[in-house]
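Here's the letter readout for the chains.
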Amino acid sequence: MITALSTSNRHAYSAYPVFSEKKYSAYTSNTYPKLKNTGDVFVKSKHISFGHSEYNRHDAEKLVDDIINQRISTNKRGFQGEFFRLGENYGIKAINPLDKQAPFADFNGINNLKENYILNVMKDIDPEIATKPVDLIQKDNKYFLVTEYIEGKHPFDSSVNSKQMEDILKKSFVLDINGIAHSDLQSGNIFLINNDKVKFIDFGAYQLLTNSGCYVSSDAIRDFDIINSDIKNIHNSPLEGKFLATFYNNSPKSHLIGYSDNPYLKIRSNAANFEYRMIYDYLVHNKAEKPKEFLTDYLKTKAEYYHKPMAEFLEKLQISPNDTAQIAQRDSAVQTEKLFAQVFSNPTENVLKSELGKIQLKWLMNDYQGGKTKAFDYFNKYLADIEQYSAQAAEQEKPYFDVIKKFLEPYRGCLDTAEYKGAVLADGENLVKKLFEKIEPVVQKAETVVTQAGEQIVQNTKNTKSNNKLVGAAVAIIGAGSVIGVWINNRFKKAS
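The notes below deal with the structure included here. Quantities reported herein were computed from a predicted structural model and do not represent experimental measurements. (Residues numbered from 1 in each chain as written. Predicted model: local features only at pLDDT ≥ 70, side-chain atom pairs only at ≥ 80, totals over all residues. Heavy atoms only, no water.)

## Focus: the sheet that holds strand β3 (residues 133-139)
So, point 1. One open sheet accounts for four strands, arranged β1-β2-β4-β3; its pairing is antiparallel. Where the open sheet ends on each side, the last strands, each with one partner, are β1 (81-86) and β3. Adjacent strand axes in the sheet meet at a mean angle of 25°, parallel and antiparallel pairs treated alike.
So, point 2. Two strands pair when backbone bridges link them, and β3 and strand β4 (residues 142-148) are joined in this way by six bridges, in the antiparallel orientation. Paired with P133 across the strands is T147, a residue of β4.
So, point 3. Running over the sheet, helix α2 (residues 57-68) touches β1, β2 (90-95), β3 and β4 and is turned about 50° from β3. (Pairing = 2+ DSSP bridges. Helix = DSSP H or I, 4+ residues; strand = E, 2+ residues; numbered from the N terminus. Axes fitted to C-alpha atoms, helices over the stretch in contact; angles between N-to-C directions. Contact = heavy atoms within 4.5 Å.)

Written out as structure tokens, the structure is:
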């Protein structure tokens, strides 16, 4: 069972909704009876009503039949599939991988089966976090996912206001305390649906926290475990007031850039993931009219709607008084969250540089557009900057830089390998230098096409500073609640 609270603490902290095991059991038993043996028969499910507009399963089955027999086509494609509009309010995610040679190519729609599961989990936690699942249809041994259709824009194609940023951070917080990591929370997987609300889409790469304190990837979950409801056995439990087992697990963080920036809190953080994916994109492509003000406002919003509630949540957890080591770690995590909230509520220029430098380090490590080989050199320069900022810090700010140093310790061994060495990040590519030192950026011409929900995003960037390389990035995204990953292919061509 995914939960954020211990049983004894749940009512005292009821502001944060939790996953109901009772609802989960009722859902799976009614919706997936003997699903594995249905063959080419459409999976039976109860009639679903949506008030002013009803979902018609017969129409969905007919559309699935048209898709299978190639009587219909769509230009709404993602890395693992296609999206077809079903009437005004719904859509169907079908299977058609762009790269059929990829080892993870999904030919049977198993990702649809798994995403249907997690979307229903999130609907039970808070129906406004993600697109709503409607139905799962099986035909020809393939799974087709029916979801609501969302109208909106991606952040890359529209300015993000303070209310929308607030909503992103609130929803990231709720997912974090419930042990659900999106793992790919970038601009293409966020829809701005009105002036103050957003929805997250494409949970195909999600990860779930287990009772061991480790995360399990959706790719590692067997499809029949979901079908037979056995997946709930791997989920974290409120047993003995353990919060997501993070204080009962001494294993190191398995993937540094996806975890919380709080070195005492071993959880995958949707907020941290969102930062080095969307915030970086937003700034590097000059989407913010006043980038320093944008970054300042973002940190202030994060202080209020992520770090403050996280500190309150952790502080209310009940841990056995005999578990002194875990209590000490929990208390350190609480103090760190409070420290972040305090420092970010009125960030100085050096704090802004520190946070921006951290975001860029993670971006390079993630190796988009060939940045990985620049990470080691950049990391060492970033460490030197942190030492300088720390020396210049006011007394109340020094503990923040001490935490940043502790956070960066695991990176030393991780980055001191051949895959992160060999290149240097040019000053014009350095966001900190670009924003704060007025370094002329590397001139880029970005052509971006961003369409409505579910349609394709294509971005081509030409580096005019280099005469002998052309760098292209193609990002295909399928929307309306069902984006399947990001396809990026960096090609380098010698000039003739």
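## Focus: the environment of E61
So, point 1. Tracing the backbone through its elements, the reader meets E61 in helix α2.
So, point 2. For E61, a relative accessible area of 21% gives the class partly exposed.
So, point 3. Each C-alpha atom, one on E61 and one on F144, is 9.6 Å from the other, the two residues being 83 residues apart in sequence. (Buried < 20%, exposed > 50% of the residue type's maximum accessible area, 1.4 Å probe, protein only.)

## Comments concerning the nonpolar core
So, point 1. Counting 98 residues, the largest nonpolar core has M165, L408 and Y411 as the members making the most contacts within it.
So, point 2. Apart from residues lying up to four places away in sequence, M165 is in contact with V160, F274, M278, I279, F294, Y298 and T301.
So, point 3. Formed by 15 residues, the second largest nonpolar core is a distinct cluster that contains Y55, V64, I92 and I95. (Core = buried A, V, L, I, M, F, W, Y, C linked by side-chain atoms within 4.5 Å.)

## A closer look at the packing of aromatic side chains
So, point 1. Enumeration according to the criterion identifies 15 aromatic pairs in this entry.
So, point 2. Ring centres of F274 and Y298 lie 6.0 Å apart, and the angle between their planes is 50°; on these two criteria the pair is classed as tilted. Taken as a pair, F274 in helix α6 (residues 270-284) and Y298 in helix α7 (residues 291-315) lie far apart in primary sequence, 24 residues in all.
So, point 3. For the pair F407 and Y411, a centre-to-centre distance of 5.4 Å together with 55° between the ring planes defines the contact as tilted. Of this pair, F407 and Y411 both sit in helix α11 (residues 398-415), four residues apart, roughly one helical turn.
So, point 4. Y411 sits in the buried class, given a relative accessible area of 1%.
So, point 5. Among the aromatic residues, those joined into a cluster by ring pairs are F340, F344, Y389, Y400 and F401.
So, point 6. We note K287 situated over the ring of F156; from NZ or CZ to the ring centre the distance is 4.6 Å. (Phe/Tyr/Trp six-rings, centres within 6.5 Å; stacked < 30°, edge-to-face > 60°. Lys NZ or Arg CZ within 6 Å of the ring centre and 35° of its normal.)

## Some thoughts on the packing of helix α9 (residues 349-365) against α11
So, point 1. With their axes 12 Å apart at the nearest point, α9 and α11 run at an angle of 20° to one another. With respect to α11, the axis of α9 lies roughly parallel. Considering the relative orientation of α9 and α11, their crossing is left-handed. Here α9 contributes N350, V351, S354, E355, K358, L361, K362 and M365 to the contact with α11, which in turn contributes Y400, F401, I404, F407, L408, Y411, C414 and L415.
So, point 2. Classifying every residue of the contact of α9 with α11 gives eleven nonpolar, two polar and three charged. (Parallel < 35°, antiparallel > 145°, perpendicular 65-115°, else oblique. Left-handed = near helix turned anticlockwise from the far one by under 90°. Nonpolar A, V, L, I, M, F, W, Y, C, P; charged D, E, K, R; others polar.)

## Structural notes on the sheet that holds strand β9 (residues 215-217)
So, point 1. Read across the sheet, three strands follow the order β5-β8-β9 without closing on themselves; strand pairing throughout is antiparallel. The two strands at the open ends of the sheet, each matched to only one other strand, are β5 (180-181) and β9.
So, point 2. Of the pairings in the sheet, the one linking strand β8 (residues 207-209) to β9 comprises three bridges and is antiparallel in character. Counterpart to L208 in the pairing with β9 is V216.

## Regarding the pattern of salt bridges
So, point 1. Per the counting criterion, the structure on display carries 30 salt bridges.
So, point 2. Note that R330 and D331 form a salt bridge whose closest N and O atoms lie 3.0 Å from each other.
So, point 3. Exposure remark for R330: the relative accessible area of 10% places this residue in the buried category.
So, point 4. Given a relative accessible area of 35%, D331 falls into the partly exposed group.
So, point 5. Note that E429 and K374 form a salt bridge whose closest N and O atoms lie 3.2 Å from each other. Of this pair, E429 sits in the loop between α11 and α12 (431-436) while K374 sits in the loop between α9 and α10 (375-392), and the two are 55 residues apart along the sequence.
So, point 6. Of the residues examined, E429 reaches a relative accessible area of 27% and is grouped as partly exposed.
So, point 7. Connected through salt bridges with shared partners, the residues K62, D65, D66 and R71 form a single ionic network. (Salt bridge = Lys/Arg side-chain N within 4 Å of Asp/Glu carboxyl O.)

Note that every value here comes from positions in space, so none of it alone points to a role or purpose.
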